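Structure assessment
Letter by letter, the chains look like this.
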Amino acid sequence: MIYRRGLGAVGSVGRWVTLLLVSATLMGCAAEIVRMPTTLSQADPATARRIEIGALTTIELASGFQRTLLSGSRWRQVGTVTQGEVFRSEDSVFSIAGANTHEAYLVINDERLVGFYLPGERAYSALPAPLPLRFR
Amino acid sequence: MNWLRAFLIAVISILATGCATGPSFNDMKSKMPALGKDTGRVFIYRDSSFGAAMQPQIAINGKTVGTSRANGFFFVDLPAGEHRVSASTEVERSLTFALEGGQTRYVRAYISFGLVVGRINFDLVNAEAGEAALAGLAYSPE
């Protein structure tokens, strides 16, 4: 009985250690953001569109991370890429994360968020599926 | 209760080891050089004591520019353009961003759990959050 209790205690500790190691490993193994080079055509500041997000919007990234667009957050068009119009946050900073972190601008096509322009890399990263947005 | 006192002293000593010491952000502010029109400033800071013993070197575009210490900050003036901040602990982590002339950016570094040792991570934060965090930190450039 004492022997079995001892084994049980070791098993319990072992389970916790294993769980801790697996959790730590998984936390460090976030997928890298998939991106491709692109060219931003600059918008004319005089005619650039401004948008305001109409409802809190949660974005599920392919890396497994989430990002949130706050209701009322304001974005200004800075240009265009092949995939759509590119909007930069006017009142904050925005980034996306996988294994690493990347400053990101929204790429919007037909009132749907289709991906992100990464200004620090001149690259585009697509969302797994376009996400409809509501504007004010 | 002597053992409790000794234990608390040991814990505080461990937490304090590796924390940055130096002038405050407010003391430093007036001494910082003005930015040129084609130059921006990047503050890199760590506002937590967690993982204080870890002091990874920080690189920008592959060149070492400072050391990340708990409760410390430093800044780097860079030409406008695309930049990549990185550091290695048990894995390398990076942050990419664009910098405009005259612009100031705030990069928060923090330590998270790792498999063997902690891992460094970076967040790009807005000016309001960045300046609020810097107010309580010590300038620690080396």
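Residues numbered from 1 in each chain as written. Chains lettered and ligands numbered in written order. Predicted model: local features only at pLDDT ≥ 70, side-chain atom pairs only at ≥ 80, totals over all residues.

**Let's talk about the overall build of chain B**
Looking only at helices and strands, one finds 3 helices and 9 strands in chain B. From first element to last, N terminus to C terminus, chain B shows the α and β order α-α-β-β-β-β-β-β-β-β-α-β. Out of the 142 residues in chain B, the part that is buried amounts to 35%. Taking all contacts inside chain B whose residues are at least 6 apart in sequence as the whole, residues at least 24 apart take part in 70%. (Helix = DSSP H or I, 4+ residues; strand = E, 2+ residues; numbered from the N terminus. Buried ≥ 20, exposed ≤ 12 C-beta atoms within 10 Å, placed from the backbone. Contact = placed C-beta atoms within 7 Å.)

**A look at the environment of B:Met54**
All names here are of chain B. Here Met 54 shows up in the loop between strand 1 (39-46) and strand 2 (57-60). A residue is classified by how many C-beta atoms lie within 10 Å of it, and Met 54, with 20 of them, is buried. Taking the C-alpha atoms as reference points, Met 54 and Val 117, 63 residues apart in sequence, are found 8.6 Å from one another. Beyond its immediate sequence surroundings of up to four residues, Met 54 is in contact with Thr 89, Ile 111, Val 117 and Gly 118.

**Notes on the pairing of strand 4 (residues 72-79) of chain B**
All names here are of chain B. Two elements, strand 1 and strand 4, share 8 bridges in a ladder whose sense is antiparallel. In the sheet register, Tyr 45 faces strand 4, and the bridge partner there is Phe 73. Pairing analysis gives 2 bridges linking strand 4 to strand 9 (residues 138-139), with the strands arranged parallel. By the bridge assignment for strand 9, Gly 72 is matched with Ala 138. (Pairing = 2+ DSSP bridges.)

**As for the sheet that holds strand 9 of chain B**
What links the strands of a sheet is backbone hydrogen bonding, and the strands pair in either a parallel or an antiparallel sense. The 5 strands are arranged 8-7-1-4-9 (chain B) in an open sheet whose pairing can be described as mixed. Two strands close off the open sheet at either side, each with one partner strand: strand 8 (119-125) and strand 9 of chain B.

**Concerning the interface of chain A and chain B**
Listed as interface residues are 17 residues of chain A and, on the opposing side, 20 residues of chain B. Those elements that provide at least two residues to the side of chain A that touches chain B are helix 1 (2-27) and strand 9 (101-103) of chain A. Per-element tally for the side of chain A that touches chain B: the top contributor is helix 1 of chain A, with 4 residues. For the side of chain A that touches chain B, the per-class residue count stands at 6 nonpolar, 8 polar and 3 charged. Both strand 9 of chain A and strand 6 (residues 92-99) of chain B contribute to a ladder of 2 bridges, which runs parallel. Looking at strand 6 of chain B, one finds that A:Thr101 is bridged to B:Leu95. (Nonpolar A, V, L, I, M, F, W, Y, C, P; charged D, E, K, R; others polar.)

**What about the sheet that holds strand 5 (residues 81-88) of chain B?**
Pairing is mixed across the open sheet formed by 6 strands, whose spatial order is 8(A)-9(A)-6(B)-5(B)-2(B)-3(B). The open sheet is flanked by strand 8 (95-97) of chain A together with strand 3 (63-67) of chain B, the only strands paired with a single partner. Each strand axis lies, on average, 20° off the axis of its neighbour in the sheet, ignoring direction. (Axes fitted to C-alpha atoms, helices over the stretch in contact; angles between N-to-C directions.)

**Things to note about the pairing of strand 11 (residues 112-118) of chain A**
Residues and elements named next belong to chain A. Most of strand 11 is tucked away, with 5 of its 7 residues classed as buried. Pairing between strand 10 (residues 105-109) and strand 11: 5 bridges, direction antiparallel. Within strand 11, the position partnered with Leu 106 by the bridge is Phe 116. Linkage of strand 10 to strand 11, two consecutive antiparallel strands, is achieved through a turn of 2 residues, within which Asp 110 is found at a positive phi near 55°. In this structure, strand 11 lies alongside strand 12 (residues 123-132), joined through 6 bridges in antiparallel fashion. Looking at strand 12, one finds that Tyr 117 is bridged to Tyr 124.

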